[in-house]
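# Structural description and commentary
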Amino acid sequence: MSVAYLNGSYLPLDEVRISPLDRGFLFADGIYEVAAVIEGRLIDSASHLARLERSTAAIGISLPMSLDAIEAAQKELVARNSLSQGLVYLQITRGADTTRDFIAPTDLQPTLFMFVQDKNFVDMPAATTGIAVATMPDQRWARRDIKSVGLLAQAIAKQVAKDAGAQEAWMIEDGFVTEGASSTAFIVTDEGIVTRPYSQSVLAGCTGAALTALAEESGLAVIRRPFTIAEALAAKEAFMTSASTFCLPIVRIDGQNVGDGTPGPVATRLRALYIDFARATAV
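First, a word on scope: everything that follows refers to the structure included in this document. Please read all numbers here as calculations on a predicted model, not as lab measurements.

### Notes on the overall build of the protein
Tallying secondary structure elements over the protein gives eight helices and 15 strands in all. Referenced to the eigenvectors of the C-alpha coordinate spread, the extents of the protein come out at roughly 55 × 40 × 35 Å. Residues classed as buried in the protein amount to 50% of the 283 residues present.

### Some words on the packing of aromatic side chains
This model, assessed by the stated rule, comprises ten aromatic pairs. A ring pair is formed by Phe27 and Phe102, whose centres lie 5.1 Å apart and whose planes are at 50°; its orientation type is tilted. With a gap of 75 residues between them, Phe27 in helix 1 (residues 23-27) and Phe102 in the loop between strand 5 (86-93) and strand 6 (111-118) connect regions that are remote in the sequence. Residue classification places Phe102 among the exposed positions, given a relative accessible area of 61%. An angle of 45° between the planes, with centres 5.5 Å apart, marks the rings of Tyr274 and Phe277 as tilted. Taken together, the positions of Tyr274 and Phe277, both in helix 8 (residues 265-281) and three residues apart, correspond to about one turn of that helix. With relative accessibility at 2%, the residue Tyr274 sits in the buried group. Through a chain of ring-to-ring contacts, three or more aromatic side chains come together here, namely Tyr32, Tyr89, Phe113 and Phe115. Over the face of the ring belonging to Tyr198 we find Arg224, whose NZ or CZ atom lies 4.4 Å from the ring centre.

### Quick notes on the packing of helix 2 (residues 45-58) against helix 3 (residues 67-80)
Between helix 2 and helix 3, the least distance of the axes is 11 Å, while the angle of their chain directions is 125°. The angle between the axes of helix 2 and helix 3 places the two elements in the oblique class. Between helix 2 and helix 3 lies a crossing of right-handed hand. Listed contacts from helix 3 to Ser45, Leu49, Leu52 and Glu53 of helix 2 are Leu67, Ile70, Glu71 and Gln74.

### A closer look at the state of the cysteines
In protein structure, a disulfide is the covalent linkage between the sulfur atoms of two cysteines. For the structure on display, the rule yields zero disulfides. The thiol of Cys206 is unpaired, and the distance to the nearest cysteine sulfur, on Cys247, comes to 16 Å. The class for Cys206 is buried, based on a relative accessible area of 7%. Residue Cys247 is classed as buried on the basis of its relative accessible area, which comes to 0%.

### So, the packing of helix 6 (residues 206-217) against helix 8
Packing of helix 6 against helix 8 brings their axes to within 10 Å, and their N-to-C directions diverge by 110°. Between helix 6 and helix 8, the interaxial angle falls into the category roughly perpendicular. The residues of helix 8 that touch helix 6, namely those facing Thr207, Ala210, Leu211, Leu214 and Ala215, are Leu270, Leu273, Tyr274 and Phe277. In terms of residue class, the contact of helix 6 with helix 8 is made up of eight nonpolar, one polar and no charged.

### Remarks on unusual backbone geometry
Across residues other than glycine, the phi torsion is negative in most instances, and most of the peptide bonds are trans. Of note, the phi angle at Asn7 is positive, near 50°, even though the residue is not glycine. Counting through the fold element by element, Asn7 comes out in the loop between strand 1 (3-6) and strand 2 (9-12). If you check the backbone angles, Asp44 has positive phi at about 50° while not being a glycine. Residue classification places Asp44 among the buried positions, given a relative accessible area of 13%.

### Re the pairing of strand 6
Counting buried positions over the eight residues of strand 6 gives six, a clear majority of the element. In terms of strand pairing, strand 5 meets strand 6 through eight bridges, oriented antiparallel. Bridge pairing in strand 6 links Val88 to Val116.

What counts, and at which threshold
Residues numbered from 1 in each chain as written. Predicted model: local features only at pLDDT ≥ 70, side-chain atom pairs only at ≥ 80, totals over all residues. Heavy atoms only, no water. Helix = DSSP H or I, 4+ residues; strand = E, 2+ residues; numbered from the N terminus. Buried < 20%, exposed > 50% of the residue type's maximum accessible area, 1.4 Å probe, protein only. Phe/Tyr/Trp six-rings, centres within 6.5 Å; stacked < 30°, edge-to-face > 60°. Lys NZ or Arg CZ within 6 Å of the ring centre and 35° of its normal. Axes fitted to C-alpha atoms, helices over the stretch in contact; angles between N-to-C directions. Parallel < 35°, antiparallel > 145°, perpendicular 65-115°, else oblique. Left-handed = near helix turned anticlockwise from the far one by under 90°. Contact = heavy atoms within 4.5 Å. Disulfide = S-S within 2.5 Å. Nonpolar A, V, L, I, M, F, W, Y, C, P; charged D, E, K, R; others polar. Pairing = 2+ DSSP bridges.

Remember, this is a structural readout, not a statement about activity or role.
Below, the structure written as structure tokens:
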């Protein structure tokens, strides 16, 4: 059994106890982050912690300790689990009350919970085969820039995609792709790499931000604008980024091939660049 973290204590995951009156459970009143680990070190940690701070501030939750202390706890959790490759999941909720009330007391102590999962990023089969996505209407709340634990719409979208034989869902709003259910969406056209600009409509992906910076450093143009599914199907390539997948080629959308239906050179190159970046900068 793996070791987890709860409010300052390290304990076996199956011994973690969180109150049923915790507002994260009752109201989805909380924020989460997922950080990747490679070779036992955290990847792009500063970006993830900065986004955690932005998200908690946006809904008025005070961090229970400093960002440096949170990172130290993540590293300790990685060490205690002897995690080489995988994920650290972190969740902060507003805390547990003595009753259920929409209005939270001002003196609640936030709940900070973390656990790890093994995952092999470097040798993922999907990196060489590509994945399929299915499209569906975006039914999420308006503040998608906040990394809320309220993920019902995304969970439903993932299940619909799986039932359609796809591995990810692309959300559509006003005729344009917003993002994936748990990823940032990209296409490659004659213009360059196209992805939606940051706004309250999308989450600012840490992996996507690092990857686009790497793309620009290597001489590839990055254009931030909305794109349609018709554009994606006519594109040379499509791909997605996330902390849990790095960069994966998308070879089919709603059952139709993108390009020749195989991973393209841009996504393949960017994935390699990101893995090199991850190894060089992990902490």
